[in-house]
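Here are the chains, one letter per residue:
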Amino acid sequence: MNDTLMPGREDGTCTAVLDITSETCPMTFVRTRLALDVLPPGGLLAVRLKGEEPHRNVSRSVRALGHAILADAPQPDGSVVLTIRKKEAASA
């Protein structure tokens, strides 16, 4: 697994990059969820994954938690990169 946090973008968001191409379900979503948990609200997570089942399951689970998938980009090597924006914090 390879994950990296890259803070300090001009818009103030943090971007994390997570490569889960070697993971299988359900660990694909577990790793994605853990990466999202440490991001601030509105932060971006780029997840690189491989296979139809992880793609379908991660996408569905991310949306079910209220996060937004901003991009779903197929890569030349057969993997897919999902760009996810973490949902904003709930108002009290």
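Coordinates for the structure precede this section.
The structure displayed is predicted, hence computed values, not measured ones.

Cut-off values and rules
- Throughout, a residue's number is its position along its own chain's written sequence, starting from 1.
- It should be noted that, the model being predicted, local features are given only for residues of pLDDT at least 70 and side-chain atom pairs only at 80 or more, the latter also being counted only at that level, while totals for whole chains, interfaces and linings use all residues.
- Values shown for side chains rest on all heavy atoms present in the structure; no hydrogens or waters enter the calculation.
- Secondary structure elements are defined from DSSP: runs of H or I of at least 4 residues count as helices, runs of E of at least 2 residues count as strands, and each element is numbered from the N terminus.
- Buried residues are those whose accessible area, probed at 1.4 Å on protein chains only, stays under 20% of the maximum for their type, while exposed residues exceed 50% and partly exposed ones sit between those limits.
- What makes two residues a contact is simply this: any of their non-hydrogen atoms within 4.5 Å.
- Each patch is assembled from residues with relative accessible area greater than 30% and no salt bridge, linking like charges that lie within 9 Å and nonpolar side chains (Val, Leu, Ile, Met, Phe, Trp, Tyr) that lie within 5 Å.
- To be clear on the numbers: accessible area is Shrake-Rupley with a 1.4 Å probe, and residue cover counts the displayed protein chains and nothing else.
- Should a side-chain nitrogen of Lys or Arg be within 4 Å of a carboxyl oxygen of Asp or Glu, the pair is scored as a salt bridge.
- Polar contact criterion, stated in full: a pair of N or O atoms within 3.5 Å, where within protein one must be able to donate a hydrogen and the other to accept it, and residues adjacent in sequence count only if both atoms are side-chain atoms.
- Among the buried residues, those of types Ala, Val, Leu, Ile, Met, Phe, Trp, Tyr and Cys that are joined through side-chain atoms within 4.5 Å form a nonpolar core.
- Each residue after the first adds 1.5 Å to the expected span of a helix.
- Two strands form a pair only when DSSP identifies at least two bridges running between them.

Engineer: Tell me about the overall build of the protein, residues and numbers included.
Structural biologist: When you go through the protein residue by residue, the secondary structure sums to two helices and five strands. Burial statistics for the protein: of 92 residues in total, 37% are counted as buried. Within the protein, residue pairs in contact and separated by at least 24 positions form 57% of the contacts whose partners lie at least 6 positions apart.

Engineer: Run through a nonpolar patch on the surface, naming residues and quoting values.
Structural biologist: On the surface, M27, V30 and L34 cluster together into a nonpolar patch covering about 230 Å² of accessible area. Secondary-structure assignment places M27 in helix α1 (residues 27–38). With a relative accessible area of 32%, M27 lands in the partly exposed category.

Engineer: Which residues make up the environment of S79, and what values do they have?
Structural biologist: Assignment of secondary structure puts S79 in strand β5 (residues 79–85). By relative accessible area, S79 is classed as buried at 1%. Reaching out from S79, the side chain makes a polar contact with the side chain of D77 at a distance of 2.6 Å.

Engineer: Describe the nonpolar core, and please don't skip the residues or the numbers.
Structural biologist: Core analysis: the largest hydrophobic core is formed by 16 residues, its most contacted members being L45, V47, L49, V62, L82 and I84. Only β2 (15–19), α1, β3 (44–50), α2 (52–64) and β5 provide two or more residues apiece to this core. Every residue in contact with V47, bar those within four places of it in the chain, is listed here: L18, I20, T32, V80, V81, L82 and I84.

Engineer: Which residues make up unusual backbone geometry, and what values do they have?
Structural biologist: Of the consecutive residues C25 and P26, the connecting peptide bond is found in the cis state with omega at 5°. Here P26 shows up in the loop between β2 and α1.

Engineer: Explain α2 residue by residue, including any values.
Structural biologist: Taking 1.5 Å as the rise per residue, α2 with 13 residues should run 18 Å; its terminal C-alpha atoms sit 18 Å apart, in good agreement. Following α2 by one or two positions, G66 has its phi on the positive side, about 95°.

Engineer: Go over the pairing of β2 with me, naming the residues and quoting the values.
Structural biologist: The element β2 is extensively covered by neighbouring structure, given that four of its five residues are classed as buried. Examined bridge by bridge, β2 and β3 share five bridges and lie parallel to one another. Directly across from T15, in β3, lies its bridge partner L44.

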